[in-house]
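# Descriptive structure summary
Each chain is listed here by its residues.
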Amino acid sequence: MVDSEVLSGQLLANDIDVVHESGKKDHNIVVVNTCGFIDKAKEESINTILEQVELKQRGWLDKVYVTGCLSERYRGDLEQEIPGVDAWFGTMELPLILKKFDADYKAELLGERLLATPAHYAYLKISEGCNRTCSFCAIPLMRGGHVSKPIEAIVQEAEKLVRFGVKEVMLIAQELTYYGLDLYKERRLAQLLKALAAIPGLEWIRLHYAYPHKFPMDVLDVMREHPNICNYLDMPLQHAADNMLKAMKRQITRTEMEDLIRAIREKVPGICLRTTLITGFPGETLEDVEEMKRFLEAVRFDRVGIFTYSHEEGTSAYDLEDNIPAEEKERRAQEIMEVQQEISYEKNQEMIGKVFKVIVDKKESGRYLGRTEFDSVEVDNEVIINTSKRLQPGDFVQVRITKAFDYDLEGELV
């Protein structure tokens, strides 16, 4: 999404009219930005390309260009299989796309983006690529090694976003906690957070995709000291059984993960912890699945997402036999999510009667929907706000929770 926003911002700056996913069908050129991370994403990307090529064949489009991870990874094969695409570009070839439009890459446009999100929140990419060697992950193949953006550049981009009306930024990277090691020879996420927290008008800063091994604990001190850094941490752990963690090359054991989680909760009481897990990795047994369930019951995460293992060529796990059928992977994922669903319901019940600061995201079916600081966009809980008052997206309101469900809350304005 961020890459698409940057490309759109560059095209606009070159006086080329551009929109994200136009519903009007009044455009003559389409750029499809693809993902090549897991099977479902690849399938969605290819279906989108085929739809656009068909429109071109019907005479509704002049050109179809494809960029992003799928294009980076499979360009040679795709050129053969989908000849209707006019040009393919990799993940780092933004200037080459612009050349197709006789447009110049404007370096001075640092942080100028055409947001694909509502105006009150934005994703802020702090680095590109990854130096980890997790056995299941193809990201380094598509995005290369870790490259941090300088702190000054990130702050400048955040300041511009705030001037455009953004109130919440979600820090993203393939690996957040590695930030700064390449540029400054030490981890600098804490210093970056301090600099961002000082920006007037930036009300919420949220952290996504923190790697647990060698987690920089000074980040938690900064989180505790600055009220505009959300007490929220998205830390994908991927599994809980030691044999699976070793096979996945995660560089951490279950005991070390539990110690880390305990230390994080001690440093930031009330923090919301989100994780993601993978089911169906080659060799995973039913006992490993049971261990994952016991781990969830012991640790009681606030938010959990589940992926089924995707067998990706070029990764070290590709040498292993993908020996668990897709339906069994899904069944295991469902079983694990049922455990989490109960935990989520119990945690939400504890929120009834309490008052929370909520950001208003949208109005839907006559009701306002928002989020607490403990919830990120699209992946976490929503708060249904009951009020006759007129609210705007981006407003912050105080809401007393009156009802709680498995994954959502309902409340009234205070």
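Refer to the structure above for everything that follows.
Sequence positions are assigned chain by chain, starting from 1 and proceeding in written order. Whole-chain, interface and lining totals are the exception, using all residues; otherwise, since this is a predicted model, local features are given only for residues with pLDDT of at least 70 and side-chain atom pairs are given and counted only at 80 or more. Heavy atoms throughout the structure, all of them, feed into the side-chain values; hydrogens and water do not.

## Focus on the overall build of the chain
The helix and strand inventory of the chain stands at 13 helices and 16 strands. Both definitions apply: the radius of gyration is a C-alpha atom measure, and the globule rule equals 2.2 Å times residues to the power 0.38. For the chain, whose C-alpha radius of gyration is 22 Å, the value lies close to the compact-globule estimate of 22 Å for 414 residues. Considering only C-alpha atoms, the chain reaches an extent of 55 × 55 × 45 Å along its principal axes. A buried classification covers 53% of the 414 residues belonging to the chain. Whether two residues touch is decided by their heavy atoms; if any such pair falls within 4.5 Å, the residues are in contact. Here the contacts in the chain between residues at least 6 apart in sequence split such that 72% fall between residues at least 24 apart. The protein chains shown are the only cover counted for residues, whose accessible areas, like all others here, come from Shrake-Rupley with a 1.4 Å probe. Only carbon and sulfur atoms are counted for the fraction: they give 49% of the accessible area of the chain, which is about 19,100 Å². Residues counted as positive are Lys and Arg, residues counted as negative are Asp and Glu, and His and the chain ends are not counted. Here the site of a charge means atom NZ of a Lys, CZ of an Arg, CG of an Asp or CD of a Glu. The centroid of the 53 positive side-chain charges in the chain is displaced by 4 Å from the centroid of its 72 negative side-chain charges. Every helix listed is a DSSP run of H or I at least four residues long, and every strand listed is a run of E at least two residues long, numbered separately from the N terminus. To sort residues, take the accessible area from a 1.4 Å probe on protein chains only and compare it with the maximum for the residue type: under 20% means buried, over 50% means exposed, and anything in between is partly exposed.

## Section: the environment of Leu193
By the element assignment, Leu193 lies in helix H8 (residues 189–197). Separated by 99 residues in sequence, Leu193 and Leu94 place their C-alpha atoms 28 Å apart. Beyond its immediate chain neighbours, meaning those up to four positions away, Leu193 contacts Leu171, Ile205, Leu207, Val219, Val222 and Ile229.

## Some remarks on helix H3 (residues 69–81)
When the terminal C-alpha atoms of H3 are compared, their 17 Å separation across 13 residues agrees well with the 18 Å that a helix rising 1.5 Å per residue should span. Taken as a whole, H3 carries its principal kink of about 90° at Arg75. Among the residues of H3, Cys69, Leu70, Ser71, Arg73, Tyr74 and Leu78 are the ones counted as buried. In this structure, the buried side of H3 is in contact with strand E1 (29–34), helix H2 (39–57), strand E2 (63–68), strand E3 (87–88) and helix H5 (139–143). Each residue after the first adds 1.5 Å to the expected span of a helix. What we call the bend at a residue is the angle made by axes fitted to the seven residues finishing there and the seven residues starting there.

## What about the packing of helix H6 (residues 151–163) against H8?
Describing two packed helices takes the angle between their axes plus the distance from one axis to the other. Across the interface, H6 lies against H8 with an axial gap of 10 Å and an inter-helix angle of 30°. By the angle between their directions, the pair H6 and H8 is classed as roughly parallel. Seen from above, H6 lies across H8 with right-handed handedness. Across the interface between the two elements, Ile151, Ile154, Val155 and Ala158 of H6 pack against Gln191, Leu192, Ala195 and Leu196 of H8. Any residue outside Ala, Val, Leu, Ile, Met, Phe, Trp, Tyr, Cys, Pro, Asp, Glu, Lys and Arg is labelled polar, Gly included; the first ten of those are nonpolar and the last four are charged. Its residues placed into classes, the contact of H6 with H8 shows seven nonpolar, one polar and no charged. Working convention: axes come from line fits to C-alpha atoms, limited for helices to the stretch in contact. Angles between N-to-C directions cover 0 to 180 degrees. Small angles under 35 degrees read as roughly parallel and large ones over 145 as roughly antiparallel, with 65 to 115 read as roughly perpendicular and the rest as oblique. Helix crossings fall into two classes, left-handed where the near helix is turned counterclockwise from the far one by less than a right angle and right-handed where it is turned clockwise.

## Notes on the sheet that holds strand E13 (residues 367–371)
The pairing criterion for strands is at least two bridges between them, as found by DSSP. Pairing is mixed in the closed barrel, where five strands are placed in the order E12-E13-E14-E16-E15. Taking the axes of each pair of neighbouring strands and ignoring which way they run, one obtains an average angle of 55° across the sheet. Where E13 and strand E14 (residues 382–386) come together, three bridges link them in antiparallel fashion. The residue bridging Leu369 from the neighbouring strand is Ile384, located in E14.

## Examining the environment of Asn348
With respect to the element layout, Asn348 can be found in helix H13 (residues 326–349). Once the C-alpha coordinates of Asn348 and Phe405 are considered, the two residues, 57 residues apart in sequence, prove to be 6.8 Å apart. The contact partners of Asn348, leaving out residues within four places of it in the chain, are Asn381, Ala404, Phe405, Asp406, Tyr407, Asp408 and Leu409.

## With respect to the side chain of Asn381
Along the polypeptide, Asn381 turns up in the loop between E13 and E14. On the basis of relative accessibility, which here comes to 2%, the residue Asn381 falls in the buried class. For the purposes of these results, a polar contact is taken to be a pair of N or O atoms within 3.5 Å, where, inside protein, one atom must be able to donate a hydrogen and its partner to accept one; residues adjacent in sequence count only when each atom of the pair is a side-chain atom. Side-chain polar atoms of Asn381 contact the side chain of Asn348, separated by 3.2 Å. Residues within four places of Asn381 in sequence aside, it is in contact with Arg303, Asn348, Arg371, Asp375, Tyr407 and Asp408.

## Some details on the pairing of E13
In terms of burial, E13 is a largely internal element, four of the five residues being buried. Pairing of strand E12 (residues 355–364) with E13, which is carried by five bridges, proceeds in the antiparallel orientation. Of the residues in E13, the one forming a bridge with Glu364 is Arg367.

## Brief notes about the packing of aromatic side chains
Paired rings are identified among Phe, Tyr and Trp, the last through its six-membered ring, by centres lying within 6.5 Å, and are further divided according to the angle between planes into stacked (under 30 degrees), edge-to-face (over 60) and tilted (the rest). By the definition in use, this model includes six aromatic pairs. Ring geometry for Tyr65 against Phe89: centres 6.1 Å apart, planes inclined by 75°, an arrangement best described as edge-to-face. One end of the pair, Tyr65, is in strand E2; the other, Phe89, is in the loop between E3 and helix H4 (94–100), and 24 residues separate them in sequence. Like Phe89, Tyr65 is buried. These aromatic residues form a ring-pair network of at least three members: Tyr65, Phe89 and Phe101. Sitting over a ring, as applied to charges here, requires NZ of Lys or CZ of Arg to be within 6 Å of the ring centre and within 35 degrees of the ring normal. Sitting over the face of the ring of Trp60, Arg58 holds its NZ or CZ atom 5.3 Å from the ring centroid. Positioned over the ring face of Phe396 is Lys357, at 4.6 Å from the centre of the ring.

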